[in-house]
Amino acid sequence: MVGQTSSMPQAPSPSNPIPILDGRTVKNCHIVLPDVPKPTSAIWYANRFYGFVRAYTDMDAAQRAAERLITRGNPVVLTQVRRGLILWVFEPDAQLARTSRR
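Just so we're clear, the structure is a prediction, and the values are computed from it rather than from any experiment. (Residues numbered from 1 in each chain as written. Predicted model: local features only at pLDDT ≥ 70, side-chain atom pairs only at ≥ 80, totals over all residues. Heavy atoms only, no water.)

**Student:** Break down the packing of aromatic side chains for me, citing the residues and quoting the values.
**Tutor:** To describe a pair of aromatic rings, one takes the distance between the centres and the angle between the planes. Tallied over the entire structure, the rule returns four aromatic pairs. On the basis of an interplanar angle of 75° and a centroid distance of 5.8 Å, the ring pair of Phe 52 and Trp 88 is categorised as edge-to-face. Of the two residues, Phe 52 is situated in strand E4 (residues 48-56) and Trp 88 in strand E6 (residues 84-90); the sequence distance between them amounts to 36 residues. Relative accessible area serves as the criterion here: at 38%, Phe 52 is assigned to the partly exposed category. Of the residues examined, Trp 88 reaches a relative accessible area of 5% and is grouped as buried. Among the aromatic residues, ring-to-ring pairing joins Tyr 45, Tyr 50 and Phe 90 into one connected group. Residue placement shows Arg 48 over the ring face of Phe 90; its charged tip is 4.1 Å from the ring centre. (Phe/Tyr/Trp six-rings, centres within 6.5 Å; stacked < 30°, edge-to-face > 60°. Helix = DSSP H or I, 4+ residues; strand = E, 2+ residues; numbered from the N terminus. Buried < 20%, exposed > 50% of the residue type's maximum accessible area, 1.4 Å probe, protein only. Lys NZ or Arg CZ within 6 Å of the ring centre and 35° of its normal.)

Pasting the structure below:
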């Protein structure tokens, strides 16, 4: 297993690492962000939208990227998927994208 599974987001620290969730336990969706014309892939976790940042095959690279975002004041989570990890960042202004059915 790549890391711990956590159910609540918490600030990372040596004793409390960046949350790494099982990708099957979060709800996938698309969100609309201000000033972004197309919907963005996202997850719904702990009553918040987290937008897609990047997929990683290497744990160290994913953690370094997450730490850079955290240093800038952005809450993040990682999801573990079959091919590695996906980094997501909290999007406070996100709205659920409407899907059109034909």
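**Student:** If you had to explain the sheet that holds strand E7 (residues 95-96) to someone new, which residues and values would you point to?
**Tutor:** If you walk across this open sheet you meet the seven strands as E1-E5-E6-E4-E3-E2-E7, and the pairing is mixed. Only two strands of the sheet have a single partner each, and these edge strands are strand E1 (20-22) and E7. Bridge analysis of strand E3 (residues 40-45) against E4 gives four bridges, and the strand direction is antiparallel. By the bridge assignment for E4, Trp 44 is matched with Phe 49. Packing against the sheet, helix H1 (residues 59-71) makes contact with E1, E4, strand E5 (76-81) and E6, and its axis sits at approximately 5° to E6. (Pairing = 2+ DSSP bridges. Contact = heavy atoms within 4.5 Å. Axes fitted to C-alpha atoms, helices over the stretch in contact; angles between N-to-C directions.)

**Student:** Explain the side chain of Thr 40 to me, using residue names and the numbers behind them.
**Tutor:** Mapped onto the secondary structure, Thr 40 falls in strand E3. Thr 40 has contacts with Cys 29, His 30, Ile 31, Leu 33 and Phe 52, leaving out every residue within four places of it along the chain.

**Student:** Describe in detail the nonpolar core, supporting the description with residues and values.
**Tutor:** Residues Tyr 56, Val 76, Leu 78 and Leu 87 are the most contacted members of the largest nonpolar core, which totals 14 residues. Those elements giving two or more residues to this core turn out to be H1, E5 and E6. Tallying contributions element by element places H1 first for this core, with six residues. Leu 21, Tyr 45, Ile 86 and Trp 88 belong to the second-largest nonpolar core, a separate cluster that totals nine residues. (Core = buried A, V, L, I, M, F, W, Y, C linked by side-chain atoms within 4.5 Å.)

Purely geometric numbers; function is a separate question.
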